[in-house]
Amino acid sequence: QAHLDRIAAVDGDVHAYLHVSGSALEEAAAIDARRASGEKLGELAGVPVAIKDVLCTVGMPSTAGSKILEGWIPPYDATPVARMKAAGLVALGKTNMDEFAMGSSTEHSAYGPTRNPWDFGRIPGGSGGGSAAAVAAFEAPLALGSDTGGSIRQPAAVTGSVGVKPTYGGVSRYGAIALASSLDQVGPVSRSVLDAALLHDVIGGHDPRDSTSLTDQWPSFAEAARAGARADSLKGLRVGVVKELDSPGFQAGVSQRFHEALELLTANGAEIVEVSAPHFEYAVAAYYVILPAEASSNLAKFDSVRFGMRAAVQGTVEDVMAATREAGFGPEVKRRIILGTYALSAGYYDAYYGSAQKVRTLIQRDFSAAFEQADVLVSPSAPTTAFEFGAKLADPLAMYLNDVTTIPANLAGVPGMSLPIGLAPEDGLPVGFQIMAPAREDARLYGVGATLE
Ligand code: GLN
């Protein structure tokens, strides 16, 4: 009730939610009844969660921020949602996002942007700006997001929240409306490292419905976070600062807080080592070939027949499909479909998609080499604090370059966390610290992250 009251009070301004559940109180009461009857429930049972609208939810619309899916109510829950419900968490509603998770500001949502709770004139990050804003504005204690190139970590950074992109394959993608299938991962957004770990424990693990789901037995991330919080020293931990992601071009206050966090790690006994990842400078370029290529293929299913809207035109199947896609997709989605189909077309495939995949391999090798020298890698989570609405909207390249710090982890499939490390002195806005670990070592993020809180 407290969260529903808070949503009623502030969401008119924040616009974190696209849909608020009508049955959250009933579901919470059912959890209370189960607890009262003596059933042993998990630690998060009864805790409400906001869900990014990219995840399919039974009984609640799932639009992925697009007009083309307006009003579509999925017949099944995405696996992370099903697992969350099975653990007794209660869905509060669906959160706003850039259309089909394409963007870094939520300005590409077909339903209007979300405002950053720290400053209503600024973006809350993207694509999962709604989930991060809901958590930061106390409209939800926890949220689910998806991260293809930073859409959990960057919104967390610019709203002063914690966000985690798990190892690729660590959390099921079943029922997550696909952007780029080789990059997408679902993960938690929260106000503390332990909260993120608790939610990750609930949603993660093998799912036979996702063919890329890892079959690993995962350790308890909550235990890792608690151990990190208890530890009195980081002695023996090698923290690698990625030279290419510690750019003099970043906002001064972002760099300042980042270097202060490094000092804190050193003071706690960690050893700071500088590592070089020479191919990271090509990551954004490779990503913006691979992502549109996969997205153009994934979005082919919005054909006016299988899902969502259908334009009211007379004509052939092709006429109806074209009119629906013309009306239903926004400009950023169209831009990426065109880029993607071009990159995949005969004669250009090797030059663009093939080259980008080779760069991806080189980036993966950079990570492997860096992880020989360091246990975790760190960087600022984003080059700047939250920018003003409109600042990058007319310049797609400027928007894309904002992802420079987060994209490498997606290309390599390694896990990454953003956690808040104070406010930039020049604008008083939150700064995020990114920690990355080798694939399957998500527990390290929670252990190290907890020491920085
Ligand atoms: N900003 C990136 C993009 O526009 C990240 C998207 C994401 O992680 N979903 O592609």
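Residues numbered from 1 in each chain as written. Predicted model: local features only at pLDDT ≥ 70, side-chain atom pairs only at ≥ 80, totals over all residues.

An unreviewed UniProt entry lists the chain under the name Glutamyl-tRNA(Gln) amidotransferase subunit A, from Antiquaquibacter soli. Of the comments in the UniProt record for the chain, the one headed Sequence similarities (unreviewed entry) reads "Belongs to the amidase family. GatA subfamily." Word for word, the UniProt comment on the chain under Subunit (unreviewed entry) is "Heterotrimer of A, B and C subunits." (UniProt positions renumbered as here; feature names shortened; annotations may be inferred.)

As a further point, take the site of the ligand. Around the ligand, the surrounding shell holds 13 residues, and the nearest of these are Ala101, Ser104, Thr148, Gly149 and Ser151. Of the residues belonging to the shell around the ligand, the class tally is four nonpolar, seven polar and two charged. (Near = placed C-beta within 6 Å. Nonpolar A, V, L, I, M, F, W, Y, C, P; charged D, E, K, R; others polar.)

Moving on, we come to the sheet that holds strand β2 (residues 48–52). Here 11 strands make up an open sheet; going across it, the order is β1-β3-β2-β4-β6-β5-β10-β11-β9-β7-β8 and the pairing mixed. Both edges of this open sheet fall to β1 (17–20) and β8 (271–275), since each of them pairs with a single strand only. Ignoring which end each strand starts from, the neighbouring axes of this sheet average 30 degrees apart. Against the sheet, helix α4 (residues 129–136) makes contact with β1, β2, β3 (90–95), β4 (142–147), β5 (162–165) and β6 (185–190), and its axis sits at roughly 155 degrees relative to β4, the strand it touches most. (Pairing = 2+ DSSP bridges. Helix = DSSP H or I, 4+ residues; strand = E, 2+ residues; numbered from the N terminus. Axes fitted to C-alpha atoms, helices over the stretch in contact; angles between N-to-C directions. Contact = placed C-beta atoms within 7 Å.)

Relative to β8, strand β7 (residues 238–242) runs parallel, the two sharing five bridges. By the bridge assignment for β8, Gly240 is matched with Val273. For the crossover that starts at β7, traverses helix α8 (residues 252–267) and ends in the parallel β8, the hand is right-handed. Relative to strand β9 (residues 376–380), β7 is paired through three bridges, and the arrangement is parallel. When the bridges of β9 are listed, Gly240 appears paired with Leu377. (Right-handed = clockwise from strand over helix to strand, strands pointing away.)

Before going further, it helps to spend a moment on the nonpolar core. Formed by 133 residues in total, the largest nonpolar core has its most connected members in Val49 and Ala197. It is helix α9 (residues 283–298) that provides the largest number of residues to this core, a total of 10 residues. In this structure Ala197 touches Phe221, Ala222, Ala224, Ala225 and Tyr446, once residues within four positions along its chain are discounted. (Core = buried A, V, L, I, M, F, W, Y, C linked by C-beta atoms within 7 Å. Buried ≥ 20, exposed ≤ 12 C-beta atoms within 10 Å, placed from the backbone.)

Right, let's talk about the environment of Glu332 for a bit. Structurally, Glu332 is set in helix α11 (residues 331–344). For the pair formed by Glu332 and Met102, sequence separation is 230 residues and the distance between their alpha carbons is 7.2 Å. Aside from chain neighbours lying at most four places away, what touches Glu332 is Glu99, Met102, Gly103 and His108.

A separate point is unusual backbone geometry. For the bond running from Gly126 to Ser127, omega is 5 degrees, close enough to zero to count as cis. Although it is not a glycine, Phe100 sits at a positive phi angle of roughly 50 degrees. Inspection of the secondary structure assignment puts Phe100 in the loop between β3 and α4. We classify Phe100 as buried; it has 30 C-beta atoms within 10 Å. Here Arg440, not a glycine, exhibits a phi torsion of approximately 80 degrees, which is positive.

This part is about helix α10 (residues 317–328). Along its 12 residues, α10 runs 16 Å from first to last C-alpha, staying within 8% of the 16 Å computed at 1.5 Å per residue. Taken together, the buried positions of α10 are occupied by Thr324, Arg325 and Gly328. Along the long axis of α10, the arc covered by the buried residues comes to 95 degrees, so they all point the same way. With respect to the buried face of α10, the exposed residues turned more than 90 degrees away are Glu318 and Glu326. (Expected span 1.5 Å × (residues − 1). Arc of directions from axis to C-beta.)

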